[in-house]
Amino acid sequence: NIFNNREKLADDYSHDPIYKNFLQITNQVNGLKDSLSDPSPAASLNFAYMIPKILDPGSTSMYGEQEAIRRSQSLPEQVKGELNGAFGGGKLTDETKKYLYNLAVSQYKNQQLQFEDHRSGFRSKAIEDGLSPDWVARSPAYPDYRSLQLQADTPHSQTQGIAPRP
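Analysis parameters
- Residues numbered from 1 in each chain as written.
- Predicted model: local features only at pLDDT ≥ 70, side-chain atom pairs only at ≥ 80, totals over all residues.
- Heavy atoms only, no water.
- Helix = DSSP H or I, 4+ residues; strand = E, 2+ residues; numbered from the N terminus.
- Contact = heavy atoms within 4.5 Å.
- Phe/Tyr/Trp six-rings, centres within 6.5 Å; stacked < 30°, edge-to-face > 60°.
- Buried < 20%, exposed > 50% of the residue type's maximum accessible area, 1.4 Å probe, protein only.
- Lys NZ or Arg CZ within 6 Å of the ring centre and 35° of its normal.

Undergrad: Looking at this structure, how should I read the environment of Arg-119?
TA: Position of Arg-119 among the secondary structure elements: in helix H6 (residues 94-128). Along the chain, Arg-119 and Arg-138 lie 19 residues apart, while their C-alpha atoms are 8.4 Å from each other. In this view, Arg-119 contacts Tyr-13, Ala-137, Arg-138 and Ser-139; residues no more than four positions away in its chain are not counted.

Written as structure tokens, this is what we have:
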């Protein structure tokens, strides 16, 4: 039955981890963007909670955000210290926020490209089965990674070889 095939394929798509992870990182990066210009400790705490989730999407770690920061190999020690300080009410510097935001956007870019490739596969399968690809593999609203990038370089990015893209 074509209706059952359509429903099953659409259900498989919407429950797929790649789809779910992409929706999650989209919300997280948008939250960080909102916190960039906020100088409050709450905005810094938002970064401290979101960055480990962005760097390891879909993880169900048992050790929490602070331990994830401690174990991270992609974060400089100075940044780890600031993030851990944010859990105690400290504030991140603007430089660190920009560095972390650019790191998050880089991860978002990877997830976006993976999602688009994955979505294309579901759309192709729908067409093969005589189904509407727009119904089976709908695209959630999400910003293109290029619209999220910051233009300013930071000393953290220079030391880690991560440069913002134009």
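Undergrad: Mind showing me how you'd approach the packing of aromatic side chains here?
TA: To describe a pair of aromatic rings, you give the distance between the ring centres and the angle between the ring planes. Within the structure shown, the criterion is met by 8 aromatic pairs. Relative to Phe-115, the ring of Phe-22 has its centre 4.6 Å away and its plane inclined at 5°; by these criteria the two rings are stacked. Taken as a pair, Phe-22 in helix H2 (residues 17-35) and Phe-115 in helix H6 lie far apart in primary sequence, 93 residues in all. Considered together, Phe-22 and Phe-115 belong to a single accessibility category, that of buried residues. By way of ring pairs, the aromatic residues Tyr-13, Tyr-19, Phe-22, Tyr-108, Phe-115, Phe-122 and Tyr-142 are connected into one cluster. Positioned above the aromatic ring of Trp-135 is the side chain of Arg-6, whose terminal nitrogen or guanidinium carbon lies 4.0 Å from the ring centre. A cation sits over an aromatic face here: Arg-138 above Trp-135, 5.1 Å from the ring centre.

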